Amino acid sequence: MDTARLELSAQRYREAEQALEAAREDLQAEAVAALQQDDERGNQAAVSRITGWTREYVRRLKKKADEGKSA
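Calculation notes
Residues numbered from 1 in each chain as written. Predicted model: local features only at pLDDT ≥ 70, side-chain atom pairs only at ≥ 80, totals over all residues. Heavy atoms only, no water. Salt bridge = Lys/Arg side-chain N within 4 Å of Asp/Glu carboxyl O. Helix = DSSP H or I, 4+ residues; strand = E, 2+ residues; numbered from the N terminus. Buried < 20%, exposed > 50% of the residue type's maximum accessible area, 1.4 Å probe, protein only.

A. The pattern of salt bridges, seen in detail. Taken as a whole, this structure holds four salt bridges when the rule is applied. The closest approach of N and O atoms between Glu21 and Arg24, which form a salt bridge, is 2.6 Å. Pair noted here: Glu21 and Arg24 are both in helix 1 (residues 3-37), with a separation of three residues, about one helical turn. According to the relative accessible area criterion, Arg24 is partly exposed, its value standing at 36%. Between Arg60 and Glu56 there is a salt bridge; the shortest N-O distance is 3.8 Å. Of this pair, Arg60 and Glu56 both sit in helix 3 (residues 55-70), four residues apart, which is roughly one turn of the helix. A relative accessible area of 48% places Arg60 in the partly exposed class. Because the salt bridges share partners, they merge into one network encompassing Glu56, Arg59 and Arg60.

In structure tokens, the structure reads:
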């Protein structure tokens, strides 16, 4: 068993997970910013189309962000 290769693969995997999480957070922040600029339903549809997220997920994301602003 080549443990050095296994350790390298495990490290690359952890780094990829961290990069994916950071990208997800950035995408969510940008989507919220776009949604807060304009409350039109067409805007939600555009965010949904661009991100690939369902409209329901986009609505929940916006609702969560709006609740965070008022807290």
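From this point, the narrative continues.
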